[in-house]
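Single-letter residue listing:
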Amino acid sequence: MSPKLTCHLIRPESSYEGKQGLSYFTGIAAETVGSTGICMHLLTMPPGARAKAHMHESHETAIYVLSGEVHTWYGDRLEQQIVVKAGDLFYIPAGVPHLPANLSDSPASAVIARTDPNEQESVVLLPELDALVA
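Read on for a plain summary of the structure.

The rules we used
Residues numbered from 1 in each chain as written. Predicted model: local features only at pLDDT ≥ 70, side-chain atom pairs only at ≥ 80, totals over all residues. Heavy atoms only, no water. 1 Å grid on protein atoms, 1.4 Å probe; cavity = no way out; pocket = protein on both sides within 12 Å on 5 of 7 lines; lining within 4 Å. Points joined across faces, edges and corners; volume = space filled by probe spheres on them. Helix = DSSP H or I, 4+ residues; strand = E, 2+ residues; numbered from the N terminus. Nonpolar A, V, L, I, M, F, W, Y, C, P; charged D, E, K, R; others polar. Phe/Tyr/Trp six-rings, centres within 6.5 Å; stacked < 30°, edge-to-face > 60°. Buried < 20%, exposed > 50% of the residue type's maximum accessible area, 1.4 Å probe, protein only. Core = buried A, V, L, I, M, F, W, Y, C linked by side-chain atoms within 4.5 Å. Contact = heavy atoms within 4.5 Å.

Topic: empty space enclosed by the protein
Under the counting rule described, the total for this entry stands at 1 cavity of 30 Å³ or more. Of the pockets and cavities examined, the largest cavity occupies roughly 220 Å³. At the level of elements, β3 (39–45), β4 (54–56), β5 (61–67), β6 (69–74), β8 (89–92), β9 (98–101) and β10 (108–114) are the ones that each hand at least two residues to the lining of the largest cavity. Here the lining of the largest cavity takes 5 residues from β10, the largest share from any one element. Its residues assigned to classes, the lining of the largest cavity comprises 15 nonpolar, 8 polar and 1 charged.

In C-alpha cells, the structure reads:
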C-alpha cells in the first residue's frame, strides 16, 4: 500500500550550501516534501556574491526576482549577459551554462523553481568557465 499523499507547509527558516557556492533557504524538494517533478527555493545573494559557473544537465529553471538585481552570464562560453531585476522572470533551459553574480551594494532575493525535484542532483559545475567572468 502506498502512503497517502498530503499537502506540506514549508517555512524557509534553515539554509544549505549549494554546489554552486550560494546559500539557499530550504524549500520544496524531494528531500523535504517528497516532490517528484519540481523543486522551489528562496535565494538571497548578498552584495558581491557570485556563483560558480554551472548548468542543470537535464532540468529547466524559472526564476522570479523579488528584490535587487543579478547579472547573469550564460551560453556555451558565458558569452551572453543579462541583468535580471526585481519583478523580472528569467528562464534558463536545461543544459545551458550560466553564472549569476550580485554586483550591486544591496542584497538580491529570488524564488527559484526547477523541474528537478532533487535540488542538487542535476548541478554540473563548469570550473573551466569560471575565469571567463572577471
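Focus on the packing of aromatic side chains
The tally for this structure, following the rule as stated, stands at 2 aromatic pairs. Judged by centre distance (5.7 Å) and plane angle (20 degrees), the ring pair of tyrosine 16 and tyrosine 24 falls under stacked. The buried category is assigned to tyrosine 24, whose relative accessible area is 3%.

Details of the nonpolar core
Among the nonpolar cores identified, the biggest contains 15 residues, and Leu22, Leu43, Met45 and Ile63 are the most heavily contacted of them. Among the secondary structure elements, those contributing two or more residues to this core are β3, β5, β8 and β10. Take this core: its biggest share by element is 3 residues, from β10. Not counting residues up to four positions away in its chain, the partners in contact with methionine 45 are Leu22, Arg50, Val70, Pro100, Ala101, Asn102, Ser106, Pro107 and Ala108. In terms of nonpolar packing, the next biggest core, distinct from the first, is built from 9 residues, Ala53, Leu78, Leu99 and Leu126 among them.

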